[in-house]
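# Architecture at a glance
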Amino acid sequence: MFQKLGPWMHDHRRWVLAAWLVALVGFNALSGAVGDGFHDNFNLPNVESKRGADILKADFGGQGAGASGTIVFKADQGVNDPAVKKGMEHVFAEVAKAKGVTRVVSPYTAEGARQIAAQGPDAGKVAYANVEFPADTDQAAAGKVRDLIVGESPKIEGLQIERGGFIFAEFEAPSTEALGLAFAIVILIVAFGSVLAMGLPIGVALFGIGIGSALIVLLSNVLSVPQFATFLGAMIGLGVGIDYALLIVTRYREQLHSGHDVRESIGIAMDTAGRSVLFAGMTVVISLLGMLLMKVAFVQGLAVAASSVVLVTVLASLTLLPALLGFAGARIEVTRRRGLIAAGLIAVGLIGFGLAIDALIIAFPVAIIVLIAGIWAKPLKVEVPRKEPKPLRQTWAYRWSRVVQHRPWPVAIGSTLVLLLLAIPVLSLRLGFSDESNFPKDTSTRKAYDLLVDGFGAGFNGPLLLTAKTDGPVDQAKLDAITKAVGADPNVVFASPAQINDPKDPTAVLWTVIPKTGPQDEATTALIHRLRDGTLPSLEKQAGIDVLVTGQVAVSVDFSNLLAGRLPYFFGAVLLLSFLLLMTVFRSLLVPLKAVIMNLLSIGAAYGIVIALFQWGWLSDITGVQPAPIEPWMPMMMFAIVFGLSMDYEVFLLSRIREEWHRTGDSHRSVADGLAATAKVITAAAAIMVFVFGAFILESDRTVKLMGTGLATAILLDATIVRMLLVPATMELLGDRNWWLPGWLDRILPNVDVEGHADDSLFEDDDDQSDSDADQVLTNA
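No experiment lies behind these values; they were computed from the predicted model shown.

### Description of the nonpolar core
Note on soluble globular proteins: their nonpolar side chains tend to be buried together. Counting residues in hydrophobic clusters, the biggest one holds 168 residues, and the most contacted among them are Val299, Trp633 and Met637. Once residues within four sequence positions are removed from consideration, Met637 is found in contact with Leu232, Leu288, Met291, Leu302, Ala303, Ala306 and Met707. In this structure, Ala75, Phe92, Ala98 and Ile161 belong to the second largest nonpolar core, which totals 25 residues.

### Details of the pairing of strand 3 (residues 126-133)
Counted residue by residue, strand 3 has seven buried out of eight residues, so it is predominantly covered. In this sheet, strand 3 lies alongside strand 1 (residues 67-75) in antiparallel orientation, the contact comprising eight bridges. Paired with Thr70 across the bridge in strand 3 is Asn130. For strand 2 (residues 103-105) and strand 3, the ladder comprises three bridges, and the chain directions are antiparallel. Its bridge partner lying in strand 3, Val105 is registered against Asn130.

### Some words on helix 11 (residues 337-354)
When the terminal C-alpha atoms of helix 11 are compared, their 26 Å separation across 18 residues agrees well with the 26 Å that a helix rising 1.5 Å per residue should span. By the burial criterion, the buried members of helix 11 are Gly339, Ala342, Ala343, Leu345, Ala347, Gly349, Leu350, Gly352 and Gly354. Looking at the buried residues of helix 11, the elements they touch are helix 6 (177-192), helix 7 (195-219), helix 12 (358-361) and helix 13 (363-373). In the segment just after helix 11, Ala356 is the residue with positive phi, at about 60°.

### Examining the sheet that holds strand 2
Read from one edge to the other, the open sheet built from four strands follows the order 2-3-1-4, with strand pairing classed as antiparallel. Because the sheet does not close on itself, it has two edges, and the strands there are strand 2 and strand 4 (159-164). Shown here is a sheet whose adjacent strand axes are inclined to one another by a mean of 15°, direction ignored. Sheet contacts for helix 4 (residues 82-96): strand 1, strand 2, strand 3 and strand 4; angle to strand 1, the most-contacted strand, approximately 165°.

### Quick look at the confidence of the model for the protein
A residue-level look at the protein finds 96% of positions with pLDDT of 70 or above and a mean pLDDT of 89. Within the protein, no element has a lower average pLDDT than helix 27 (residues 768-780), which sits at 40, and none a higher one than helix 16 (residues 408-422), at 97.

### Section: the packing of helix 7 against helix 10 (residues 297-328)
Two elements in contact, helix 7 and helix 10, have axes whose closest approach is 8 Å; the angle formed by their N-to-C orientations is 145°. Two packed elements cross with a definite hand, and for helix 7 against helix 10 that hand is right-handed.

### With respect to the environment of Val304
Of note, Val304 is situated in helix 10. Overall, Val304 belongs to the partly exposed group, its relative accessible area being 21%. Distance in space between the C-alpha atoms of Val304 and Val225 is 8.8 Å, their sequence separation being 79 residues. Ignoring any residue separated from it by four or fewer positions in sequence, one finds Val304 in contact with Leu219, Leu223, Leu289 and Leu292.

### Looking at a nonpolar patch on the surface
Side chains of Val348, Leu355, Ile357, Leu360 and Leu698 sit close together on the surface and give an oily, nonpolar patch of about 380 Å² of accessible area. Of note, Leu355 is situated in the loop between helix 11 and helix 12. For Leu355, a relative accessible area of 43% translates into the label partly exposed.

About the cut-offs
Residues numbered from 1 in each chain as written. Predicted model: local features only at pLDDT ≥ 70, side-chain atom pairs only at ≥ 80, totals over all residues. Heavy atoms only, no water. Core = buried A, V, L, I, M, F, W, Y, C linked by side-chain atoms within 4.5 Å. Buried < 20%, exposed > 50% of the residue type's maximum accessible area, 1.4 Å probe, protein only. Contact = heavy atoms within 4.5 Å. Helix = DSSP H or I, 4+ residues; strand = E, 2+ residues; numbered from the N terminus. Pairing = 2+ DSSP bridges. Expected span 1.5 Å × (residues − 1). Axes fitted to C-alpha atoms, helices over the stretch in contact; angles between N-to-C directions. pLDDT = per-residue confidence, 0-100. Left-handed = near helix turned anticlockwise from the far one by under 90°. Patch = residues over 30% accessible without salt bridge, like charges linked within 9 Å, V, L, I, M, F, W, Y side chains within 5 Å. Areas by Shrake-Rupley, 256 points an atom, 1.4 Å probe, with all protein chains shown as cover. Salt bridge = Lys/Arg side-chain N within 4 Å of Asp/Glu carboxyl O.

Here is the structure:
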């Protein structure tokens, strides 16, 4: 199939390009017409907080069982000032009538009497109203209520009104992906010296992101997809899109240099690098879809959304890219001054857009002027001289590999120790959701959080709900005993009296518990476990009821525990599948085993750096990150993406090494040859992804910042310590044993060819002098 794919796309390139343009416009038009339905639905199984929420829905009208936000306000003249009270009651009344709102509890009612600060310097000045929504409320519906609050808020001097809770948080679209694009332009031009060779991978990535993002919007209407999924998809799509296209473009240019015509070069590139791209891309997709094993709607939606972007990007690399190469032809090797200057100006403009520096955005129109002027201005039409590539055995990568191979044991041991040292923080990993205190200080969400802390204490941002079913009336003294025992806990500020749902025909009881510490605090998690395992069991027996701890904080704790318990199964499934795939592809036992171990080392080291920065708060003055637990879905998402991407490098590098081993029979020299042939593209691809992912650390949103940092760190470690040190060192140590496979296993394994039919002329220009030069490096080393 791959032998025919490239030439077919070349021959029908106009139709292929037209089909992709129609798909880009069509999917975006459809998603715009349908709209999005982004929402977070954990869909937990039969855990305690879920059972408690079911009681709240059945017996208390859903009170506290769904999503909730707060309208927090502070009045210097006091919240009971007649003008303030009238204005705020109007806001609460309008919000209560809004579509999708199930309940509003005003501080001016008997039920909300405790929602006015009674102690401290802000006593009587700070208050809040609870706004409750169904659990499946999407961000668009909540956004309309948020806008309603803003529109109806009275303009009274001394009155401050803020919207609290994640449901009212405004998620700003990241702009720092523009920085990643700018760096990608610079890296590609520096590495390959061609504007067209730079533009094609970026163009393919943008097509993949454009269609993939539209698919995510459509999927959000049928799956539980969080709002940040589109930006996560853009981050992943930009990285892998450039990466995959770069592998194919590089192979295409090699074939042109070897004397093949355009059509033949496309065919060979697709038959070799195209196979690797398909294999690597499907590994990423399968790894992401492995998250479906978690059986949690939120995680499953995230997995399907991310994998759909990767799938579209792979499809674009295998179909759209060869068509575009057909249009470019041999001109891909030609770069004129106008193109080089325009590319540089576009990079400058992207930096200005990403950093919100308006003065730099003028570079965009200047780039257009340069391109137009270049049609007539002879100085701009001058062709930039192209530096002829060195024979592979005279490159720094070949020499580096030979140096590493000369001292394999120290390199292997030292590299492993570095990765293990970086992975040490993993031992203190704490999964959980960060709270609103991590939002930027200038957001309404953070201001609302701070007002509640000042007026009531941190625990008011995350109250616990205790509820139980009853078979008829329950002795009030026994209910009071539960209230007293819970209130006596050192981390409880307030425990409400038991609230019966129906005094005439009681079927359930409810308590509200306010902790001293905030929702993300480890002490709050400890309180939940202490209530469930220590305080309540004996009192439950006496009262004859089963008291369940629920509420949003308890749901978050149960969600984190659920995912933590299923992580080993997910990791095991991905590792086993990766081992089997690599064993089938490379017909070896040791190569896939080493790949799995080395990938675990690099991912573990990346986890360690993320934990040090985001959980421990190291370098917080620089990063702007405050210490908080690691989001419970992050390890699996990061594992799936990084493991898939690292397999990309693994397949690309090892297929070249195996290709040379088959050609020469020299297991030692083939390592250096394979590394030399792939070092430039792996280094460029990795550098691009490091900058693309790393740029997101400049975002204000903690989730985006965390994922960008984790992915950038993992790719950096994988492309440097693993690919440049551990792989050549271990390949040297094992020699021909790298490719050992028992005969009986070889006979039953299916034949999967990711190498294709390569051109044998890559090393024809390498003479004996290049080998003697490399040997001299070893002697000097």
